[in-house]
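Notes for the structure review
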Amino acid sequence: MILKKIKKNRLEFDNRIVVSPMCQYSSDDGSPSAWHYKHLGALVCSGASMVVLESTAVSFEGRISKKDLCLYNEKHFKELKKLIKYLKSLKNIPVCIQLNHAGRKGSSYVPWIKKNFPLPKNKGWTTISSSNIKKDNLWPRPKIADKNDIKKIINDFSNSAKFAIKAGVDAIELHMAHGYLIHQFLSPISNNRIDEYGGSSQKRLNLALKITKKVKKLCKSKIILGARITGEDHVNNGLGLGDAINLSKKLEKHGVNYICVSSGGIKTKTKMRKNPRLQRLKISKEIKKKTRSILIGATGNMGNITKLNNSILKKEIDFAFIGRPFLRNSNWLIEYFSKIGKKILVPNQYSRSFLK
Ligand SMILES: Cc1cc2nc3c(=O)[nH]c(=O)nc-3n(C[C@H](O)[C@H](O)[C@H](O)COP(=O)(O)O)c2cc1C
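The structure displayed is predicted, hence computed values, not measured ones. (Residues numbered from 1 in each chain as written. Predicted model: local features only at pLDDT ≥ 70, side-chain atom pairs only at ≥ 80, totals over all residues.)

Let's shift gears to the overall build of the protein chain. Along the backbone of the protein chain there are 12 helices and 13 strands. Each of the three principal axes of the protein chain carries a C-alpha extent, and together these read 65 × 45 × 40 Å. Residue burial in the protein chain is summarised as follows: out of 356 residues, 48% are buried. (Helix = DSSP H or I, 4+ residues; strand = E, 2+ residues; numbered from the N terminus. Buried ≥ 20, exposed ≤ 12 C-beta atoms within 10 Å, placed from the backbone.)

The biggest cluster of nonpolar side chains holds 89 residues, and the ones touching the most others in it are Val51, Cys96, Val169, Ile172, Ile182 and Ile259. A total of 7 residues in this core trace back to one element, the largest contributor, which is helix α3 (residues 147-167). Setting aside residues up to four positions removed in sequence, isoleucine 259 forms contacts with Gly226, Ala227, Ile229, Ser248, Leu251, Ile294 and Ile296. (Core = buried A, V, L, I, M, F, W, Y, C linked by C-beta atoms within 7 Å. Contact = placed C-beta atoms within 7 Å.)

Let us now look at the pairing of strand β6 (residues 95-100). Counting buried positions along β6 yields 6 of 6 residues, so the element is predominantly enclosed. Sheet topology places strand β4 (residues 50-57) next to β6; 6 bridges connect them, and they run parallel. Each residue of the ladder has a partner; that of leucine 53, found in β6, is isoleucine 97. (Pairing = 2+ DSSP bridges.)

What follows concerns the environment of isoleucine 317. Tracing the backbone shows isoleucine 317 in the loop between α9 (305-313) and β13 (319-322). For the pair isoleucine 317 and cysteine 260, spaced 57 residues apart in sequence, the C-alpha separation works out to 9.3 Å. Setting aside residues up to four positions removed in sequence, isoleucine 317 forms contacts with Leu281, Ser284, Ile296, Gly297, Ala298, Ser311 and Ile312.

Moving on to the pairing of strand β12 (residues 295-299). Burial runs high along β12: 5 of the 5 residues are buried. Side chains Leu295, Gly297 and Thr299 project from β12 onto one buried face, and the interleaved Ile296 and Ala298 project onto a second face that is buried too. Of the strand pairs in this sheet, strand β11 (residues 258-262) and β12 are connected by 4 bridges, and their pairing is parallel. Paired with cysteine 260 across the bridge in β12 is glycine 297. Read as a crossover between parallel neighbours, the route from β11 over helix α8 (residues 277-290) to β12 is right-handed. The sheet contact formed by β12 and β13 spans 3 bridges and is parallel. (Right-handed = clockwise from strand over helix to strand, strands pointing away.)

The next subject is the packing of α3 against helix α6 (residues 206-219). Two elements in contact, α3 and α6, have axes separated by 9 Å at closest approach and are oriented at 30 degrees. Relative to α6, the element α3 lies roughly parallel. Crossing geometry of α3 relative to α6 is assigned as right-handed. Note on element contacts: α6 touches α3 through Leu207, Lys210, Ile211, Lys214, Val215 and Leu218, opposite Ile150, Ile154, Phe157, Ser158, Ala161, Lys162 and Ile165. For the contact of α3 with α6, a count of residues per class yields 9 nonpolar, 1 polar and 3 charged. (Axes fitted to C-alpha atoms, helices over the stretch in contact; angles between N-to-C directions. Parallel < 35°, antiparallel > 145°, perpendicular 65-115°, else oblique. Left-handed = near helix turned anticlockwise from the far one by under 90°. Nonpolar A, V, L, I, M, F, W, Y, C, P; charged D, E, K, R; others polar.)

What follows concerns the site of the ligand. Around the ligand, the structure places 21 residues, and the nearest of them are Ser20, Ser55, Thr299, Gly323 and Arg324. Within the shell around the ligand, the residues separate by chemical class into 7 nonpolar, 11 polar and 3 charged. (Near = placed C-beta within 6 Å.)

The next thing to look at is the packing of helix α7 (residues 241-253) against α8. It is the contact of α7 with α8, at a shortest axis distance of 9 Å, that shows an interaxial angle of 40 degrees. As far as their axial angle goes, α8 and α7 are oblique. Judged by the twist between their axes, the crossing of α7 over α8 is right-handed. For the pair α7 and α8, the contacting residues are Leu241, Ala244, Ile245, Ser248 and Lys249 in the first and Ile283, Glu286, Ile287 and Lys290 in the second.

Take the environment of cysteine 70 next. The topology assignment puts cysteine 70 in strand β5 (residues 69-70). C-alpha of cysteine 70 to C-alpha of alanine 177: the two residues are 107 residues apart in sequence and 18 Å apart in space. Beyond its immediate sequence surroundings of up to four residues, cysteine 70 is in contact with Ser27, Gly30, Thr56, Ala57, Arg63 and His76.

This next bit is on helix α1 (residues 34-44). Along α1, the positions that sit buried rather than exposed are His36, Leu40, Leu43 and Val44. What you see down the axis of α1 is that its buried residues fit within an arc of 95 degrees, all on one side. Exposed residues on α1 whose side chains face more than 90 degrees from its buried face are Ala34 and Lys38. The inward-facing, buried residues of α1 abut β3 (17-19), β4, α2 (74-90) and α10 (324-328). (Arc of directions from axis to C-beta.)

Don't take any of this as a statement about function, it's just geometry.
Below, the structure is given as structure tokens:
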């Protein structure tokens, strides 16, 4: 099953496995570094049908950390273009970029220096959010985004999308999950506004939909548009299945081609299980039933091929976004392909070590 191609309009995936976006916190002033060439070079040759570049900040204040990949100036654009040209020269598979604004989760340490922890005031920047609710006790109070800030946020996503398309990406994924800014507008846990961007579940969708509309206009039918969404917040009174279905239906209407179901992240501590695979598949299946043509993916411990084949057969998902297995061994999928005799997917240069 995972080897079955997907072809829908412009969207074409050679198999059902996509490399999930994974922050490397290794940029040089926002641009890709030598590490990105090494890391992503291996991943485009991994047998996956698409590689999603890590969360990329749409503005200075939208960064998670000082080492984020960014796409808000000419230098970032030129360096991204170089990287994509290099990746395409290795293997011409779709390359996607995940665009993100961290909101109140920004201005934080690189995780291997201090995990999930904000920078001190004199070393970071003022973060912005839907409301002035802190992420957690130890985190600073964000500034409430006013109308001008919201206009800028929408324009920042649009400008980054323009740069990304000019740089040669095949797909753009909007990050609407993991407690970042769009999620901070979507969730009642972080959004207590009473204007057109909050106060009801419909109004909380407005920022996400305005960004989607603007970016879709740039993508037209040429560039694949995806969104990573939250299936549930795993906290009392947080977002749940109904919200995920509602958002997915709206995204489908706005021309989004795929969604990837993730969950959690709106607060540091939630009730999310250590392995949320089954919860996310259950949500994906419901979303799939309630939408028509949008492709549904899910992420989180999806790397068992037998189970994955089963999930696709059971119509829980169309494809899977896989992260850590690729970091542990970028050839794990090729090893699988070679075991089942799919020679075509093994790079010629490596064939002597994989094929008998
Ligand atoms: C090192 C690392 C960095 C990550 N960075 C991102 C990111 O930039 N954007 C995102 O949406 N998810 C990010 N994630 C989550 C992964 O994309 C993926 O959803 C998660 O690891 C679950 O999938 P897995 O069990 O296959 O690893 C990251 C995960 C890891 C391990």
